[in-house]
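# Notes for the structure review
So you can see what is in the structure, the chains are spelled out below.
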Amino acid sequence: MTFDAGTPAPEVVADDHLLAAWLAEAAGRRLLEVRAEGLEGKELKDAGDAAAHELLMGLLATYRPDDAVLSEEGKDDKARLDAAKVWIIDPLDGTREFSEPPRDDWAVHVALWEGGTLTAGAVAQPVIGETFNTGTPPVIPARTSDRPRIAVSRSRPPAFVEALAAKLDAELVPMGSAGVKMMSVVRDVADAYVHAGGQYEWDSAAPVAVARAAGLFTSRVDGSELIYNQDDVYLPDVIVCRPELAEDILAFIAEHGTD
């Protein structure tokens, strides 16, 4: 059966923020469909990656034919370096979690880079029915935890994050998907995400766009700006946190490093 993403309303097509959200939601629906087909393990991972990538590439070709695209699952066309607008997408962030139903900590990332900066973005978490986007920026709720919470990977967190948590008297909250970790700060599930273990532009572009729109602090671990649509798409580290935690996190990393 051919998947039908539907047709976006004219106002969605006319607005990059709304289109990013619509694209992420459409890919999320496609992934839920793939997840229900009975595949397992690597077959399910590969099918999800391919289905979401093909859908997003087709939709962008239809609704933004003049824009360039950088996708985790696609070939990097360096023509994007001279393009006015570049969509940076991760069709399935958290492939491992996607392949382990009923886990919900996986996501679809759709971001737009324009004029040297991220201008729109959306992160869909299909299982929980949420799409966080820059068109309607999330309102960060008041913190409900007395202790800071740091989102970390499901496997053993890096030693420097454990040391940072000890310094801040913070709790570590394990979960999958870089995008889910960053959105956990938006959702008041965590208060910070600090990563220095290696990532690429598509891992953080959409979540960072949403986090910025929501008023969260974002930077590299040395405090410098996160820059996208570079020739080398390796962007190994990121901080997303509540603004009041940024100074202490950066000071700790400046003193102790991330090794």
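See the structure printed just above.
To keep things clear, this report deals only with the structure shown in the data block. None of these values were measured; they are calculated from a predicted model. (Residues numbered from 1 in each chain as written. Predicted model: local features only at pLDDT ≥ 70, side-chain atom pairs only at ≥ 80, totals over all residues. Heavy atoms only, no water.)

Moving on, we get to the sheet that holds strand β5 (residues 130-133). The strand order across the open sheet built from five strands is β1-β2-β3-β4-β5, with neighbouring strands paired in mixed fashion. The open sheet has two free edges, formed respectively by β1 (68-71) and β5, since each of these has just one partner strand. Pairs of neighbouring strands in the sheet enclose a mean axial angle of 15°, with direction left out of account. As paired elements, strand β3 (residues 107-114) and strand β4 (residues 117-125) share seven bridges and run antiparallel to each other. Its bridge partner being in β4, Ala 111 is matched across the sheet by Gly 121. Strand contacts of helix α3 (residues 41-63): β1, β2 (85-93) and β3, with the helix running at about 155° to β2, the strand carrying the most contacts. (Pairing = 2+ DSSP bridges. Helix = DSSP H or I, 4+ residues; strand = E, 2+ residues; numbered from the N terminus. Axes fitted to C-alpha atoms, helices over the stretch in contact; angles between N-to-C directions. Contact = heavy atoms within 4.5 Å.)

Taken as a whole and judged by the stated rule, the model has four aromatic pairs. Taking 5.8 Å as the distance between ring centres and 85° as the angle between the ring planes, the aromatic pair formed by Trp 22 and Tyr 63 counts as edge-to-face. Of the two residues, Trp 22 is situated in helix α2 (residues 16-35) and Tyr 63 in helix α3; the sequence distance between them amounts to 41 residues. For Trp 22, a relative accessible area of 12% gives the class buried. (Phe/Tyr/Trp six-rings, centres within 6.5 Å; stacked < 30°, edge-to-face > 60°. Buried < 20%, exposed > 50% of the residue type's maximum accessible area, 1.4 Å probe, protein only.)

For any two helices packed against each other, one specifies the inter-axial angle together with the distance between the axes. Running from amino to carboxyl end, α2 crosses α3 at an angle of 150°, the nearest separation of the two axes being 9 Å. Relative to α3, the element α2 is oriented roughly antiparallel. Between α2 and α3 lies a crossing whose hand is right-handed. Taking contact as the criterion, the partners of Leu 19, Trp 22, Leu 23, Ala 26, Ala 27, Arg 30, Leu 31, Val 34 and Arg 35 in α2 are, on α3, Leu 44, Ala 47, Gly 48, Ala 51, Ala 52, Leu 55, Leu 56, Leu 59, Leu 60 and Tyr 63. Of the residues assigned to the contact of α2 with α3, the class counts are 16 nonpolar, one polar and two charged. (Parallel < 35°, antiparallel > 145°, perpendicular 65-115°, else oblique. Left-handed = near helix turned anticlockwise from the far one by under 90°. Nonpolar A, V, L, I, M, F, W, Y, C, P; charged D, E, K, R; others polar.)

Another point: the pairing of β5. Examined bridge by bridge, β4 and β5 share four bridges and lie antiparallel to one another. Along β5, the bridge assignment pairs Gln 125 with Glu 130. In textbook terms, the turn of a hairpin is the stretch between consecutive antiparallel strands, and for β4 and β5 this stretch comprises four residues, one of which, Gly 129, has a positive phi near 70°.

Here five strands make up an open sheet; going across it, the order is β7-β6-β8-β10-β9 and the pairing mixed. What marks the edges here is a single partner per strand, and that holds for β7 (171-174) and β9 (217-219). For this sheet, the mean inter-axis angle between neighbouring strands, taken without regard to orientation, is 20°. Both strand β6 (residues 149-152) and strand β8 (residues 192-195) contribute to a ladder of two bridges, which runs parallel. Of the residues in β8, the one forming a bridge with Ile 150 is Ala 192.

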